[in-house]
Amino acid sequence: MAAVAMARSGQRLPRGAGFRRGAPRPGLVGGRAAAAGWSRPEPGGEVQYCAELVRKRDYEGFLCSLLLPAESRTSAFALRAFNVELAQIKDSVTQKTTGLMRMQFWRDAVEGIYCDNPPHQPIATELWRAVKRHNLTKMWLMKIIDEREKNLDDRAYHNIQELEKYAENTQSALLYLTLEMLGVRDVHADHAASHIGKAQGIVTCLRATPYHCTRQKVFLPMDICMLHGVSQEDFIRGKQEKNVRDVIYDIASQAHIHLEHVALDDYLCNVRKVDFNIFHPSLQRKSALLPLHLYIRSWKKTY
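Counting from 1, residues in each chain are numbered in the order their sequence is written. Owing to the predicted nature of the model, reporting of local features is limited to residues with pLDDT of at least 70; listing and counting of side-chain atom pairs is limited to 80 or more, with chain, interface and lining totals taken over all residues. Note that water and hydrogens are dropped before the side-chain values are worked out from all heavy atoms of the structure.

Draft legend 1. Fine view of the side chain of Thr137. Under the scheme used here, helices are H or I runs from DSSP no shorter than 4 residues and strands are E runs no shorter than 2 residues, and both carry numbers assigned from the N terminus. Topologically, Thr137 is positioned in the loop between helix 8 (122-134) and helix 9 (138-150). Exposure classes here rest on a 1.4 Å probe applied to the protein chains alone. A residue is buried below 20% of its type maximum, exposed above 50%, and partly exposed in between. Judged by relative accessible area, which is 3%, Thr137 ranks as buried. Two N or O atoms count as a polar contact when they lie within 3.5 Å, although within protein this holds only if one can serve as hydrogen donor and the other as acceptor, and sequence-adjacent residues are included solely when both atoms are side-chain atoms. Among the polar contacts listed, one links the side chain of Thr137 to the side chain of Glu180, at a separation of 2.5 Å.

Draft legend 2. Spatial organisation of the pattern of salt bridges. Salt bridge criterion: a side-chain nitrogen from Lys or Arg within 4 Å of a carboxyl oxygen from Asp or Glu. In total, this model carries 21 salt bridges according to the counting rule given. Look at the salt bridges and you will find they share partners, linking Glu46, Glu126 and Arg129 into a network.

Draft legend 3. A look at the nonpolar core. Side-chain atoms within 4.5 Å link the members of a nonpolar core, which is a set of buried Ala, Val, Leu, Ile, Met, Phe, Trp, Tyr and Cys residues. Within the largest apolar cluster, 48 residues are counted, with the highest numbers of intra-cluster contacts made by Leu79, Phe82, Leu86, Trp106, Leu136, Leu141 and Ile145. Mapped onto this core, the elements with two or more residues apiece are helix 3 (46-57), helix 4 (59-66), helix 5 (70-87), helix 7 (96-113), helix 8, helix 9, helix 10 (160-181) and helix 11 (187-214). With sequence-adjacent residues up to four places away left out, Leu86 is seen in contact with Met103, Trp106, Ile144, Ile145 and Arg148. Counting residues in each nonpolar core, the second largest holds 26 residues, with Ala199, Val230, Val244 and Val271 among its members. By the convention used here, residues are in contact when the closest approach between their heavy atoms is within 4.5 Å.

Draft legend 4. Geometry of the environment of Gln240. One can find Gln240 in the loop between helix 13 (232-236) and helix 14 (242-258). Residues Gln240 and Phe276 lie 36 residues apart in sequence; the distance between their C-alpha atoms is 9.0 Å.

Draft legend 5. Unusual backbone geometry, seen in detail. Although it is not a glycine, Asn135 adopts a positive phi angle of roughly 55 degrees. Secondary-structure assignment places Asn135 in the loop between helix 8 and helix 9. At Gln216, a position not held by glycine, the phi torsion is positive, near 65 degrees. If you trace the backbone, Gln216 turns up in the loop between helix 11 and helix 12 (222-227).

This is the structure we're talking about:
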């Protein structure tokens with residue numbers, strides 16, 4: 001995110017639908033939001049709600065958001081909180097039907113936001129404010145919802161291209177919105193965002209693999225696993241043979257194709273240091289120096 005979010009120049013291109021401005025009206029009140037497990041924060045507490053959710057569930061995104069200009073920071077937290085909320089639906093429901101209902105809530109919420117009728121839910125309220133401030137493109141928000149909904153099916157990606165498509169419609173879409181929020185509408189910045197989003201999606205898939213394995217699930221691309229004769233059961237059992245590490249090597253290498261030096265590169269370097277053992281304990285720890293590293297990169301403008 002830091003690599004893209006700090007871009008500031010380039011030819012501006014028109015993109016995105018217009019937004020009808022006006023005073024907010026009561027939206028999907030208490031009933032539906034409460035039924036979905038949300039409670040309203042204290043008045044004015046929506047910003048804190050979003051920031052805290054991002055800090056807990058997307059720590060690196062939280063740190064990168066802190067590096068943004070003050071006038072864009074609250075909008076960044078709203079976008080990141082929206083993404084986190086959608087991402088955790090899959091793990092928080094036991095039946096796909098419930099997940100589909102939650103996704104539909106957010107689809108309706110986005111429709112309401114662009115009609116100045118957001119539901120009384122803290123993330124939706126802050127997202128509505130972000131849309132009004134920056135005229136964000138509705139299409140990218142809907143793409144994130146649609147792709148997360150498709151991903152409710154518990155199945156592995158057939159190939160690396162399928163994983164990249166998922167990353168493009170979630171992580172890259174989030175970066176496109178971040179660029180819009182910063183006033184950057186430039187074809188070159190969008191190109192960088194596309195590659196960084198795909199790399200981030202691949203890295204996220206790798207990092208989440210040990211957690212998914214504890215839930216008896218593996219989502220790594222099947223074609224690469226088959227190429228090396230590795231089964232899902234091998235990952236679930238935490239095997240560390242060379243062919244298992246070769247699967248991780250091939251997937252990590254694909255991420256390197258999309259980027260050279262951004263914050264994601266730290267994880268790719270670390271996984272290489274442990275010979276692509278995805279289960280190594282060092283890969284599960286947060287870097288205490290990450291805030292400092294990000295600040296230095298921001299100061300040097302080397303993202």
